[in-house]
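Chain by chain, the residues:
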Amino acid sequence: MIEIKLREILAKKGKTMADINKETGISKNALSQLANGVSQGIQFNTLEKLLNSLKVPVQELIVYTPELLSEAEFTFRYDETKELDITMHESIVGDSEESSFEYVDRINWIIDTFFITISIQGVKVEIQSKLDVNFVIDDKKELDIIDINIDEPSISSELLNLSIFEEQMLDSLTEFLIDLSESIFSEEIKNAANVSTVRFRGNLY
């Protein structure tokens, strides 16, 4: 499967298709087809204009995922019988005693026994790992950042190199963590779906 990540890159760069149209002369219709994944192809001169305008390498704009990898599904679980290792940090906002209030601005959650299950065409592989997650929360109690660290045990690299699944796995893991944050930390986080940034610093290689 070949994907053109134009829409995602525009969002990261804070640009619009109208901006790219003005900078490159590429028609809005052609840009829209590329962004929506309905284009039948891309000419080299168009590709060069896009790369120069967006200032990204070609592999960031055009992503190829082998069909087998695109069919991978991920599920996650952890040992709920163990006591949760959670640390919360609080901040105070407001200019005066009357208007100020206290809220939890950061939650660190360490899961020592975390299981990742990968399913491909009926074959399942489960890997046990350690997950260290930081939730950064703004003063409206909305989830702003998820900072993820996965400590992959060495045995998993011998069985399966998780790095080839990194993008798919992190998308699924982010959804899993958003759901968990809304259920476990419902008092501290009122809106997790609007998370703006997901940072990954795991050891998948």
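Rules used throughout
Residues numbered from 1 in each chain as written. Predicted model: local features only at pLDDT ≥ 70, side-chain atom pairs only at ≥ 80, totals over all residues. Heavy atoms only, no water. Helix = DSSP H or I, 4+ residues; strand = E, 2+ residues; numbered from the N terminus. Contact = heavy atoms within 4.5 Å. Polar contact = N/O pair within 3.5 Å; in protein donor to acceptor, adjacent residues only side chain to side chain. pLDDT = per-residue confidence, 0-100. Patch = residues over 30% accessible without salt bridge, like charges linked within 9 Å, V, L, I, M, F, W, Y side chains within 5 Å. Areas by Shrake-Rupley, 256 points an atom, 1.4 Å probe, with all protein chains shown as cover. Salt bridge = Lys/Arg side-chain N within 4 Å of Asp/Glu carboxyl O. Lys, Arg positive; Asp, Glu negative; His and termini not counted. Charge placed at Lys NZ, Arg CZ, Asp CG, Glu CD. Buried < 20%, exposed > 50% of the residue type's maximum accessible area, 1.4 Å probe, protein only. Pairing = 2+ DSSP bridges. Core = buried A, V, L, I, M, F, W, Y, C linked by side-chain atoms within 4.5 Å. Arc of directions from axis to C-beta.

## Considerations on the environment of Asp-132
Along the polypeptide, Asp-132 turns up in strand β6 (residues 123–137). Each C-alpha atom, one on Asp-132 and one on Trp-109, is 5.9 Å from the other, the two residues being 23 residues apart in sequence. Among all residues touching Asp-132, those that are not within four sequence positions of it are Asn-108, Trp-109, Ile-110, Asp-147, Ile-148 and Asn-149. In terms of polar contacts, Asp-132 uses its side chain to reach the side chain of Asn-108, at 2.8 Å.

## As for the confidence of the model for the protein chain
In the predicted model, the protein chain carries a mean pLDDT of 83, and 86% of its residues have values of at least 70. Within the protein chain, no element has a lower average pLDDT than helix α7 (residues 154–159), which sits at 48, and none a higher one than helix α2 (residues 17–24), at 91.

## Describing a negative patch on the surface
A cluster of acidic residues, Asp-171, Glu-175, Asp-179 and Glu-182, forms a negative patch at the surface. With respect to the helices and strands, Asp-171 occurs in helix α8 (residues 166–184).

## A word on the pairing of strand β5 (residues 101–120)
Within β5, 15 of the 20 residues are buried, leaving the element largely enclosed by the surrounding structure. Examined bridge by bridge, strand β3 (residues 73–78) and β5 share six bridges and lie antiparallel to one another. Paired with Glu-73 across the two strands is Ser-119, which belongs to β5. Relative to β5, strand β4 (residues 85–93) runs antiparallel, the two being bridged by nine bridges. From the neighbouring strand, Val-93 faces β5, where its bridge partner is Phe-101. Note that β5 and β6 share 13 bridges and pair antiparallel. Bridge pairing links Ile-107 to Phe-135 in β6. Where β5 hands over to β6, the hairpin turn is made up of two residues, of which Gln-121 adopts a positive phi near 50°.

## Brief notes about the nonpolar core
With 31 residues, the main nonpolar core has Phe-114, Leu-131, Phe-135, Ile-146, Leu-173 and Leu-177 as its most contacted residues. The set of elements that each furnish at least two residues to this core consists of β3, β5, β6, β7 (143–151) and α8. With sequence-adjacent residues up to four places away left out, Phe-135 is seen in contact with Asp-105, Arg-106, Ile-107, Trp-109, Leu-143, Ile-145, Ile-146, Leu-177, Ser-181, Phe-185 and Ile-189.

## Brief notes about helix α3 (residues 28–35)
When α3 is considered as a whole, its buried residues turn out to be Leu-31, Leu-34 and Ala-35. Within α3, the buried residues cover an arc of 95° as seen down the axis, which keeps them to one side. Buried residues in α3 make contact with β1 (2–4), α1 (6–13), α2 and α4 (44–54). The positive-phi residue at the C-terminal boundary of α3 is Gly-37, with phi of around 70°.

## With respect to the side chain of Thr-24
With respect to the element layout, Thr-24 can be found in helix α2. We classify Thr-24 as buried; its relative accessible area is 13%. Reaching out from Thr-24, the side chain makes a polar contact with the backbone oxygen of Ile-20 at a distance of 2.7 Å. Polar contacts involving the side chain of Thr-24 include one to the main-chain amide nitrogen of Ile-26, which spans 3.1 Å.

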